[in-house]
Amino acid sequence: MRTFTKYLSKFSGILFLLFLLGIWVLISCGPEWDSQYLFPSPKAILKALFDSREELLRSAGASLLKLVPAYLVASIIGISIGIVSGSVPWVSNMLKPISRFAAPIPPNVYIPYAIAILPTFYLSSTFIIFIAAFWPIYLNTAAGAAEIPEKYKRNAAIIGIGKFEYLWRIALVASLPSIFSGLSVGMGLSFIMLTVAELFGENTGLGHFVQFYADYSDYPNMVAGILWTGIVVLAIMELFELVKRKLLFWTKAN
Amino acid sequence: MTTKQNGFETTNLGFSYDGRAILKDINLKINQGEFVCLLGESGSGKTTLLNLLAGLTKPSEGHVYWKGKEIEKPSAERSVVFQDYTLFPWLTLLQNVTLAIKKTKKLKTSYAKNLAEEYLNLVGLSGSLHKYPFELSGGMRQRGAIARALSVSADALLLDEPFGALDPVNRASLQDLVLELCRGVKDRPITTLFVTHDIREAVYLGSRIIVLGSTPGRIIADIPLDFPVKKNRGEWFRNEKVQETIATIEDAYHKDILEKLGHIVQGGASI
């Protein structure tokens, strides 16, 4: 009995998923009703996933082509400025008013303007993703660098680490925990902005795939697009966690 | 008779923070090669004084000198070991010490690494060179911190309650290590300031004891020590002279505390 409850608790996640899947099967395979076609069966969706595999892969590729460059640029700029502003008081004072004002602006309100001033949809989507990722990365990095324990600073000073070297050798490494929480929030937001931008005006990418089939009431393909988006995001997040664990191994005891 | 050269010197040294005087009128001379234990209760400004001597803090009043020159910034000449383990947690022991040597001596990495290994051997850590601080016990981390402090060829070692967080066994063995490293070297005397609030530790280690009274921190006793060689810890502590010294320091302590509490104590009061 004890081992049974132990296993139940261990596999409860999978069991609950199966339970939801069961409900889904019941709804989609039950007696005919009006909006039946809104709930395609798991089988129909698996078929859609398989039949549209090329298009789904292409969509994922197109989305990543927007996401990765924008996110990388946002990370490099956000982390660099964040480290300097967290370590040098006058830089922090200089940037505080603008970041206080601009950071809370939801990035999607920039979309119309970005489309108006930038020559291509691609550039406006990457710009929006950049904005979405930049602020959390910058703010978290700056906060982390500003809160570096005094002991690391004193230590660096005693062994003769200069001001410039301090920034990358100590501040950058010591702030890694905050940097990673910023990167993770930024990643989530940039996914949201990516798909929002694609629903709006793009003609490629995962958001576009979902919007396109919704417009044609092809719900098996639409749901397949949603599931596929989930899988892609999950894969990227897992990769992210892997890198994070590798780089933050030293925080175990602290 | 060795010539006594000036190590640290402070003149009318004072430090205040937020308008509160932490240290006041500290006039102190520490010769090179002396092992000074700085005693005082919490809040007496022991750590502040150490930071001032290290150059980590700037005085509000007065001056601090090292070898006749005013101290302006931290230097590897005056190495510090803090109570909270200050090895960089993202570097192994060997990398920590190598970095310190490389930065202070401008050596090539391979040389610095060899030297770092020697210093880590010296403190008994040859088996843990590639371990990270989080994999080590408190005592081992503190050994690493001492190795790093010594590895930069410091002339002065400033230790801020370095063994405060250790268990008695580790504590005793690290005390002996520090004694051996700082007082054992004849050709290169290391000037040591050891901050502690443990009277027995101070008496065991020091060649001189300075007691700070609190609010504001000021020197209330300055006692030179000259005890026989320490061979057996237990026996040594039973020595009459040692016990007398401990009693004297305790008196100075109590007197200061009672005065602060508003009691008027006159000439060896009975408690």
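Helix and strand counts for chain B stand at eight helices and 10 strands. Scaling as 2.2 N^0.38, a compact globule of 271 residues should have a C-alpha radius of gyration of about 18 Å, and chain B matches this with 19 Å. Across its three principal directions, the C-alpha atoms of chain B cover 65 × 45 × 40 Å. Per-residue burial over chain B gives 42% buried out of 271 residues. Sequence separation of 24 or more characterises 68% of the internal contacts of chain B that already satisfy a separation of 6 or more.

Okay, the overall build of chain A next. Per the secondary structure count, chain A includes 12 helices and zero strands. The N-to-C order of helical and strand elements in chain A reads α-α-α-α-α-α-α-α-α-α-α-α. The C-alpha atoms of chain A give a radius of gyration of 23 Å, which is well past the 18 Å a tight globule of 254 residues would have. If one aligns the C-alpha atoms of chain A with their principal axes, the spans along those axes are about 75 × 65 × 30 Å.

Moving on, we get to the sheet that holds strand 10 (residues 218-224) of chain B. Residues and elements named next belong to chain B. Taken together, the six strands give an open sheet; going across it, the order is 6-7-8-3-9-10, and neighbouring strands pair in mixed fashion. One side of each edge strand has no neighbouring strand; the edge strands of this open sheet are strand 6 (78-81) and strand 10. Direction aside, neighbouring strands of the sheet carry axes that sit 15 degrees apart on average. Of the strand pairs in this sheet, strand 6 and strand 7 (residues 156-160) are connected by four bridges, and their pairing is parallel. The residue of strand 7 that forms the bridge with Arg78 is Ala156.

So, on to the nonpolar core. One finds Ile129 and Ala133 of chain A together with Leu38 and Leu39 of chain B to be the most contacted residues of the largest nonpolar core, which totals 108 residues. For this core, the element with the most residues is helix 7 (residues 121-146) of chain A, which contributes 14 residues. Taken domain by domain, this core gets at least three of its residues from each of domain 1 (1-77 + 155-163 + 191-261) and domain 2 (79-153) of chain B. The contacts of Ile129 of chain A, once residues within four sequence positions are left out, are Lys66, Leu67, Ala70, Tyr71, Ser190, Met193 and Leu194 of chain A. Judged by nonpolar contacts, the second largest core, of 11 residues, contains Leu56, Leu206, Val210 and Ala224 of chain A.

Let us now look at unusual backbone geometry. Residue and element names in this part refer to chain B. At Asn12, a residue that is not glycine, the phi angle is positive and equals roughly 45 degrees. Tracing the sequence through the fold places Asn12 in strand 1 (residues 6-17). Since 12 C-beta atoms lie within 10 Å of it, Asn12 is described here as exposed. Despite not being glycine, Asp25 has its phi angle at roughly 50 degrees, a positive value. One can find Asp25 in strand 2 (residues 20-31).

Quick look at the domain arrangement of chain B now. Residues and elements named next belong to chain B. In terms of domain boundaries, chain B breaks down into domain 1 (1-77 + 155-163 + 191-261) and domain 2 (79-153). Inter-centroid distance (C-alpha atoms) of domain 1 to domain 2 is 26 Å. On the side of domain 2, nine residues touch domain 1, which itself brings nine residues to the contact. Here the side of domain 1 that touches domain 2 gets four residues from one element, more than from any other, and that element is strand 7. A breakdown of the residues in the side of domain 1 that touches domain 2 according to their chemical character gives seven nonpolar, no polar and two charged.

The strand order across the open sheet built from four strands is 2-1-4-5 (chain B), with neighbouring strands paired in antiparallel fashion. This sheet does not close on itself; its edge strands, each paired only once, are strand 2 and strand 5 (69-70) of chain B.

Looking at chain A as a whole, its pLDDT mean stands at 90, while 96% of the residues score no less than 70. Taken element by element, the predicted model of chain A shows its lowest mean pLDDT in helix 1 (residues 2-10) of chain A (82) and its highest in helix 4 (residues 53-87) of chain A (95).

Attention now moves to the packing of helix 4 of chain A against helix 10 (residues 176-200) of chain A. Residue and element names in this part refer to chain A. It is the contact of helix 4 with helix 10, at a shortest axis distance of 10 Å, that shows an interaxial angle of 145 degrees. Two packed elements cross with a definite hand, and for helix 4 against helix 10 that hand is right-handed. Contacts between helix 4 and helix 10 involve Ser63, Lys66, Leu67, Ala70, Tyr71, Ala74, Ser75 and Ile79 on the former and, on the latter, Ile179, Leu183, Gly186, Met187, Ser190, Leu194 and Glu198. Residue composition of the contact of helix 4 with helix 10, grouped by class: nine nonpolar, four polar and two charged.

All names here are of chain A. Between helix 4 and helix 11 (residues 206-215), whose axes approach to 7 Å, the crossing angle comes to 135 degrees. Classified by the interaxial angle, the pair formed by helix 4 and helix 11 is oblique. Listed contacts from helix 11 to Glu55, Leu56, Ser59, Ala60 and Ser63 of helix 4 are Leu206, His208 and Phe209. Taken together, the residues that form the contact of helix 4 with helix 11 break down as four nonpolar, three polar and one charged.

Turn by turn, an α-helix covers 3.6 residues, leaving residues three or four places apart pointing in a common direction. Its 18 residues place the ends of helix 2 (residues 12-29) of chain A 25 Å apart at the C-alpha level, agreeing with the 26 Å of an ideal helix rising 1.5 Å per residue. With respect to burial, helix 2 of chain A is a largely exposed element, only zero of its 18 residues being buried.

This part is about the pairing of strand 7 of chain B. Most of strand 7 of chain B is tucked away, with five of its five residues classed as buried. Burial along strand 7 of chain B is two-sided: Ala156, Leu158 and Asp160 of chain B facing one way and Leu157 and Leu159 of chain B facing the other are all buried.

Looking now at the environment of Glu77 of chain B. Residue and element names in this part refer to chain B. By secondary structure assignment, the location of Glu77 is in the loop between strand 5 and strand 6. What makes Glu77 partly exposed here is the crowd of 17 C-beta atoms within 10 Å. Put simply, Glu77 and Leu157 are 80 residues apart on the chain and 8.3 Å apart in space, counted from C-alpha to C-alpha. Excluding residues that lie within four positions of it along the chain, Glu77 makes contacts with Ala154, Asp155 and Ala156.

About the cut-offs
- Residues numbered from 1 in each chain as written.
- Chains lettered and ligands numbered in written order.
- Predicted model: local features only at pLDDT ≥ 70, side-chain atom pairs only at ≥ 80, totals over all residues.
- Helix = DSSP H or I, 4+ residues; strand = E, 2+ residues; numbered from the N terminus.
- Rg over C-alpha atoms; globule rule 2.2 N^0.38 Å.
- Buried ≥ 20, exposed ≤ 12 C-beta atoms within 10 Å, placed from the backbone.
- Contact = placed C-beta atoms within 7 Å.
- Pairing = 2+ DSSP bridges.
- Axes fitted to C-alpha atoms, helices over the stretch in contact; angles between N-to-C directions.
- Core = buried A, V, L, I, M, F, W, Y, C linked by C-beta atoms within 7 Å.
- Domains from an automatic or database assignment.
- Nonpolar A, V, L, I, M, F, W, Y, C, P; charged D, E, K, R; others polar.
- pLDDT = per-residue confidence, 0-100.
- Left-handed = near helix turned anticlockwise from the far one by under 90°.
- Parallel < 35°, antiparallel > 145°, perpendicular 65-115°, else oblique.
- Expected span 1.5 Å × (residues − 1).

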